[in-house]
Amino acid sequence: MLYYYLDAKKEAVGPLTLDQMRDLFNRQAIADDTYVWKDGENKWILLLFRPEYEKIAADVRKTGDAAVKQSGGLWARAGAGAIDVILLSAGVFMTGMAMEMFGLGVVWEKAGFWVACVFGPWIYFAVLEGSAFGASIGKKCCDLIVVDARGKPLGFLRASMRYWLKLAGAVPLFAGWGVALFNPKRLAFHDAYSSAQVISRKNFESQYFDEDR
């Protein structure tokens, strides 16, 4: 069976055998967020979600699972999420209290609460994770950083896309988040489709800063 992938210019490269795809993956010429097409199919699919992914990424696992060591870790991400939920909940509560004090309680009850719950978290994550800061307060506390595949800031638009995909991935039963359990880089649905990665800040600095020297 022969494969093709889309390069940075969105041009098809191939045909390639499975072994050649594995070699490209090991050399980081292709990654989890690379679109791949196989003979006989009618659409391009992210490599991360292909049935052959485990075979293509097998060498990464054999070499000490370097991608997992570089990733932020699921427990660290869970802890960061818990901190962010607490902070955002406190922010919504304090905003409601302030509006009550200024006689805007009716506005808060009819629309303000929902606006704060929907758009507040979006602005919070998109601004903090999309900027050079690269992390929400929760991720900062857990020593994590969100960057693209090249170690650069996501920018507001991509960080926004990642946030809305995160919400979509929570339905049903957080299936989009659970994908992180089954790939070497611990990428969830929203990470893969926004070409983002959550990694340890220490590993980020050692990998990307050392490469720039």
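Residues numbered from 1 in each chain as written. Predicted model: local features only at pLDDT ≥ 70, side-chain atom pairs only at ≥ 80, totals over all residues. Heavy atoms only, no water.

Trainee: Is there a simple way to explain helix H8 (residues 156-169) in this structure?
Mentor: Side chains of residues three or four places apart in an α-helix project in the same direction, reflecting 3.6 residues per turn. The terminal C-alpha atoms of H8, which comprises 14 residues, lie 20 Å apart, in line with the 20 Å expected from a rise of 1.5 Å per residue. Along H8, the residues that are buried comprise Ala159, Ser160, Arg162, Tyr163, Leu165, Lys166 and Gly169. (Helix = DSSP H or I, 4+ residues; strand = E, 2+ residues; numbered from the N terminus. Expected span 1.5 Å × (residues − 1). Buried < 20%, exposed > 50% of the residue type's maximum accessible area, 1.4 Å probe, protein only.)

Trainee: Help me understand the packing of helix H5 (residues 74-101) against helix H6 (residues 105-130), please; the structure alone is not making it clear to me.
Mentor: Where H5 contacts H6, the two axes come as close as 10 Å, and the packing angle between them is 150°. Classed by the angle they form, the pair H5 and H6 counts as roughly antiparallel. For the pair H5 and H6, the crossing hand works out as right-handed. Along the contact surface, H5 presents Asp84, Leu87, Leu88, Val92, Thr95, Gly96, Met99 and Glu100, while H6 presents Gly105, Val107, Trp108, Glu109, Phe113, Ala116, Cys117, Pro121, Tyr124 and Phe125. Of the residues in the contact of H5 with H6, the class split is 12 nonpolar, three polar and three charged. (Axes fitted to C-alpha atoms, helices over the stretch in contact; angles between N-to-C directions. Parallel < 35°, antiparallel > 145°, perpendicular 65-115°, else oblique. Left-handed = near helix turned anticlockwise from the far one by under 90°. Contact = heavy atoms within 4.5 Å. Nonpolar A, V, L, I, M, F, W, Y, C, P; charged D, E, K, R; others polar.)

Trainee: I keep staring at H6 and nothing clicks. Help me out?
Mentor: Here H6 contains 26 residues, and its C-alpha end-to-end distance of 33 Å is more than 12% below the 38 Å for a straight helix at 1.5 Å per residue. When the local axis directions of H6 are compared, the greatest deviation, roughly 55°, occurs at Ala111. Restricting attention to buried positions, one finds in H6 the residues Gly105, Trp108, Gly112, Ala116, Pro121, Tyr124, Phe125, Ala126, Glu129 and Gly130. Check the buried side of H6 and you find it contacts H5, helix H7 (137-141), strand E5 (144-148) and H8. (Bend = angle between axes of the 7 residues up to and from the residue.)

Trainee: Would you explain the sheet that holds strand E3 (residues 35-38) in this entry?
Mentor: Within a sheet, each strand pairs with its neighbour through backbone hydrogen bonds, oriented either parallel or antiparallel. Strand order across the open sheet formed by four strands is E2-E1-E3-E4, with antiparallel pairing between neighbours. For this open sheet the edge positions go to strand E2 (12-16) and strand E4 (45-46), each flanked by a neighbour on one side alone. Across the sheet, helix H1 (residues 18-26) lies against strand E1 (3-6), E2 and E3, angled at about 130° from E2, the strand it touches most. (Pairing = 2+ DSSP bridges.)

Trainee: Before we go on, may I ask you to explain a nonpolar patch on the surface in this structure?
Mentor: A cluster of nonpolar side chains, namely Val115, Val118, Phe119, Trp164 and Leu167, defines an oily patch on the protein surface of about 420 Å² accessible area. Within the residue set of the nonpolar patch, elements represented by two or more residues are H6 and H8. Top contributing element to the nonpolar patch by residue count: H6, with three residues. Its relative accessible area of 43% is what places Val115 among the partly exposed residues. (Patch = residues over 30% accessible without salt bridge, like charges linked within 9 Å, V, L, I, M, F, W, Y side chains within 5 Å. Areas by Shrake-Rupley, 256 points an atom, 1.4 Å probe, with all protein chains shown as cover. Salt bridge = Lys/Arg side-chain N within 4 Å of Asp/Glu carboxyl O.)

Trainee: Sorry if this is basic, but what is going on with the packing of H6 against H8 here?
Mentor: In helix packing, the relevant descriptors are the interaxial angle and the interaxial distance, both defined with respect to the helix axes. Where H6 contacts H8, the two axes come as close as 8 Å, and the packing angle between them is 135°. Considering the angle they form, H6 stands oblique to H8. Taken as a pair, H6 and H8 cross one another with a handedness that is right-handed. Here Val118, Pro121, Trp122, Ile123, Phe125, Ala126, Val127, Glu129 and Gly130 of H6 come into contact with H8, specifically with Phe156, Ala159, Ser160, Arg162, Tyr163, Trp164 and Lys166.

Limitation: the analysis is restricted to geometry and does not speak to function.
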